[in-house]
Amino acid sequence: LKGTLLAKQAKYDEAVAAFEKCKQLDPAYTQSADFQIGVCLMNQRKYAQARDRFQSAVTMDPLSDMASYARRYQDAAEQWRYIERPLRLTIGVTGQYDSNYRTLMEPYRADALSRDMTDSVESMDKRSLTMQNVVRLDFVPILPGSFVFNASYAAMNTLHERYGTDNDTFANSFTLAPGLNFGSFAVNLVANYTHNLKRGHNPPDPAAPTSTDYNRYSESASVGPLIRFLLSRDHILEASAAYTKKNFFQTVSNPELNDQTSSGMDSSLSWFWLFKENAIFNVKLGYTRDNADGSHFSNDGYRTSVNLIYPLLDKLRLQLGGDIYFQDYKNENTFFDNTVRKDRNYTGTVGLTWSIFKHVDLIAQYMYTRVNSNIYAYDYKRDVYSLGMELKF
């Protein structure tokens, strides 16, 4: 009884000591005491020790009701041990078909195009097969008290069947997020740095010999607070704000107009609804600002996105997403009749994830993008079909 009361008060070390003494005083209570000790260890996130205690309870009397409960808790301990493992490795390989990759390619920069040149680019075959290879390493240790911390490194290489020597990319990304958990809410300071390499000339020069080397293309960094509020058992509110800095290394003509290097901010407010086991509905509102060195690229952005993950079967999940992103540029574009550029970006995704077993997911996805711009050179449609595999360890 003393151990049970102490466990209710979250004094788990004292509760374990009481249950151990109970076993010494009367061995008949050993199975029940080991079960209760296992529950205390689960609450302390000591999953390996908890699993061993539940196994001990099962061994004492395998046919008892207590043994049946202990088996269920043992499975839960093993599951949570995997979910909360401190070091996590993810490897992904995805094949894609892109219907309109040429629209986004260098060296055809829209600001440098006349109407005739744009029409020439539009007449090209812009389809390409693509392969994306991703490696991600996450470190999420269990810290004492209210301290929380996670760090991650990700590398992504994108290869193209066509135009690859001009457009293959390689990105490295680092993220750190120390914070404090206060129960009903948590606060993290999130810092990210991403560095991008790109094959081809830098700057592109049609007269230069063909190059297949990767060159520095861009880098970006951000830092700011992330706050999560647990509104109820099934509802989470998340707010973030970050200072951002972007740097583009390629040389451009008229840098006072075309340099995309910028500083600014990225903020968001997001609501998560956990309305069913393994089901998540999310609505996110965001505001971004880029103050670019080149006057053509300074803009304010307003984003609304909706995402759904819904289990169709035990191991099959449906993913739906929609994103609307309005970009209002601040200055007149001197290359296009002094028009103040406005882009309206619409993106929709639908996908299926099949967890073959604990370490392997198969992912199929379709993404449609439509950008309506009042400047014709930035207006386009795009379809991307993806099929890939993700390994998780």
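Everything in this summary refers to the structure shown in the same document. (Residues numbered from 1 in each chain as written. Predicted model: local features only at pLDDT ≥ 70, side-chain atom pairs only at ≥ 80, totals over all residues. Heavy atoms only, no water.)

## A word on the overall build of the chain
Worth spelling out the cut-off: Counting from the N terminus, the helices are DSSP H or I runs at least four residues long and the strands are E runs at least two residues long. A radius of gyration in this sense is built from C-alpha atoms; the matching globule rule multiplies 2.2 Å by the number of residues raised to 0.38. Contacts are assigned to residue pairs with any non-hydrogen atoms lying within 4.5 Å of each other. Only the protein chains shown count as cover for residues, and all accessible areas are computed by the Shrake-Rupley method using a 1.4 Å probe.
A tally of helices and strands in the chain yields eight helices and 14 strands. Relative to the compact-globule value of 21 Å for 393 residues, the chain shows a C-alpha radius of gyration of 27 Å, a clear excess of over 25%. Seen through its C-alpha atoms, the chain measures out along the principal axes to roughly 90 × 35 × 35 Å. Here the analysis covers contacts within the chain between residues at least 6 apart in sequence; of these, 56% occur between residues at least 24 apart. In the structure as shown, the chain presents an accessible area of about 22000 Å², 58% of it carried by carbon and sulfur atoms.

## A word on a nonpolar patch on the surface
The following threshold applies: Residues with no salt bridge and a relative accessible area higher than 30% make up the patches, which join like charges within 9 Å and nonpolar side chains (Val, Leu, Ile, Met, Phe, Trp, Tyr) within 5 Å. The term salt bridge refers to a pairing of a side-chain nitrogen on Lys or Arg with a carboxyl oxygen on Asp or Glu at a separation within 4 Å.
On the surface, F182, F185, F229 and L231 cluster together to form a nonpolar patch covering roughly 370 Å² of accessible area. Structurally, the position occupied by F229 is in strand β6 (residues 214-232).

## Quick notes on the pairing of strand β9 (residues 279-292)
Operational definition: Two strands are said to pair when DSSP picks up at least two bridges between them.
Across 13 bridges, the pairing between strand β8 (residues 262-276) and β9 is antiparallel. Bridge assignment links G264 to a residue of β9, and that residue is D290. Where β8 folds back on β9, the antiparallel hairpin that results is connected by two residues, among which N278 adopts a positive phi of roughly 65 degrees. Inspection of the sheet shows β9 paired to strand β10 (residues 299-311) by eleven bridges, in the antiparallel sense. Pairing of L285 across the sheet is with T304, part of β10. Joining the antiparallel neighbours β9 and β10 is a turn of six residues.

## Regarding the packing of aromatic side chains
So the rule is basically this: Working definition: a ring pair exists when centres of Phe, Tyr or Trp rings (six-membered ring for Trp) sit within 6.5 Å. Plane angles under 30 degrees give stacked, over 60 give edge-to-face, the rest tilted. Whether a residue is buried, partly exposed or exposed follows from its accessible area with a 1.4 Å probe, protein chains only, as a fraction of its type maximum: under 20%, in between, or over 50%, in that order. Two limits define a charge over a ring: the Lys NZ or Arg CZ must be within 6 Å of the ring centre, and within 35 degrees of the ring normal.
All told, the structure shown has 18 aromatic pairs when counted by the stated rule. Here the aromatic rings of F139 and F149 are separated by 6.5 Å at their centres, their planes lie at 70 degrees, and the arrangement is edge-to-face. In this pair, F139 sits in strand β2 (residues 128-139) while F149 sits in strand β3 (residues 147-160), placing the two residues ten residues apart along the sequence. Residue F139 is classed as partly exposed on the basis of its relative accessible area, which comes to 37%. Its relative accessible area of 24% is what places F149 among the partly exposed residues. Judged by centre distance (5.5 Å) and plane angle (45 degrees), the rings of Y287 and Y302 are tilted. With a gap of 15 residues between them, Y287 in strand β9 and Y302 in strand β10 connect regions that are remote in the sequence. An aromatic cluster of at least three residues, connected via ring pairs, comprises W271, W273, F275, F281 and Y310. Here the guanidinium or amino end of R341 rests over the ring plane of Y378, the centre of that ring lying 3.4 Å away. Taking NZ or CZ as reference, R344 lies 4.4 Å from the ring centre of F326, over its face.

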